[in-house]
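Chain by chain, the residues run as shown.
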Amino acid sequence: MTDPGQRIASPLVTVLTHELMGYLQDYVEKEPVELLVVGQPMQMDHTASESMKQIRFFVQAFKKRFHEIPVEWMDERFTSKMAMDAMVTGGMKKSERQAKGNLDKVSAAIILQSFLEKKTISGNRR
């Protein structure tokens, strides 16, 4: 999620896959959502990774359910490494870094922050 000025991305929560649509439904009912940014896992040669099939399925289901919310893709290569480095630099204890979901939350914030910076640079801010 971002701040109201859409300058800073912050981690939200991690949600189990089978609970995701219900969580998103509740979230959209409580918070204004202008856009969903989805991490696009790519190989080093710019081809889609094996997990893209499941992610495309999710995006199709999201668009069907939340047709008024646009979806944008953002390359997510190296975000897990960047997230781990950020957690170490930020002083997070090893046990907290290993806790399920923390790496994913920070990675998601990095993906969104990269998207915000890209949009700012291109002058196409949302």
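The structure contained in this document is the topic of the report that follows. (Residues numbered from 1 in each chain as written. Predicted model: local features only at pLDDT ≥ 70, side-chain atom pairs only at ≥ 80, totals over all residues. Heavy atoms only, no water.)

1. Digging into the packing of aromatic side chains
If you walk through the whole model with that rule in mind, you get three aromatic pairs. Judged by centre distance (6.1 Å) and plane angle (25°), the rings of Tyr23 and Tyr27 are stacked. In this pair, Tyr23 and Tyr27 are both assigned in helix H1 (residues 20-30), four residues apart and thus about one turn of the helix distant. Among the aromatic residues, ring-to-ring pairing joins Phe58, Phe62 and Phe66 into one connected group. (Phe/Tyr/Trp six-rings, centres within 6.5 Å; stacked < 30°, edge-to-face > 60°. Helix = DSSP H or I, 4+ residues; strand = E, 2+ residues; numbered from the N terminus.)

2. Things to note about the pattern of salt bridges
Counted under the stated rule, the structure contains one salt bridge. When the shortest N-O distance is used, the salt bridge between Asp85 and Lys81 registers 3.0 Å. Note that Asp85 and Lys81 are positioned in helix H3 (residues 79-89) at a spacing of four residues, about one turn of the helix. (Salt bridge = Lys/Arg side-chain N within 4 Å of Asp/Glu carboxyl O.)

3. Focus on H3
When we look at burial in H3, the residues that qualify are Thr79, Ala83 and Met87. Projected down its long axis, H3 shows its buried positions confined to an angular sector of 75°, all on one face. Relative to its buried face, H3 has exposed residues pointing more than 90 degrees away, namely Lys81 and Thr89. A positive backbone phi angle near 85° is found at Gly91, which sits one or two residues after H3. (Buried < 20%, exposed > 50% of the residue type's maximum accessible area, 1.4 Å probe, protein only. Arc of directions from axis to C-beta.)

4. Observations regarding the environment of Ile110
Position of Ile110 among the secondary structure elements: in helix H5 (residues 102-122). In this structure Ile110 comes out as buried when scored by relative accessible area, which is 15%. A C-alpha to C-alpha distance of 25 Å links Ile110 and Glu68, two positions 42 residues apart in sequence. When sequence neighbours within four positions are dropped, the list of residues in contact with Ile110 reads Thr79, Met82 and Ala83. (Contact = heavy atoms within 4.5 Å.)

5. Looking at the side chain of Gln6
As for its position among the elements, Gln6 is in the segment before H1. The exposure class of Gln6 is buried, given its relative accessible area of 14%. Within the local environment of Gln6, its side chain forms a polar contact with the side chain of Glu34, the two groups lying 3.2 Å apart. (Polar contact = N/O pair within 3.5 Å; in protein donor to acceptor, adjacent residues only side chain to side chain.)

6. Some details on the pairing of strand S1 (residues 36-40)
In terms of burial, S1 is largely enclosed, as four of its five residues are buried. Relative to strand S2 (residues 71-75), S1 is paired through five bridges, and the arrangement is parallel. Across the sheet, the residue bridging to Gln40 is Asp75, located in S2. Regarding topology, helix H2 (residues 52-65) serves as the crossover connection from S1 to the parallel S2, and that connection is right-handed. (Pairing = 2+ DSSP bridges. Right-handed = clockwise from strand over helix to strand, strands pointing away.)

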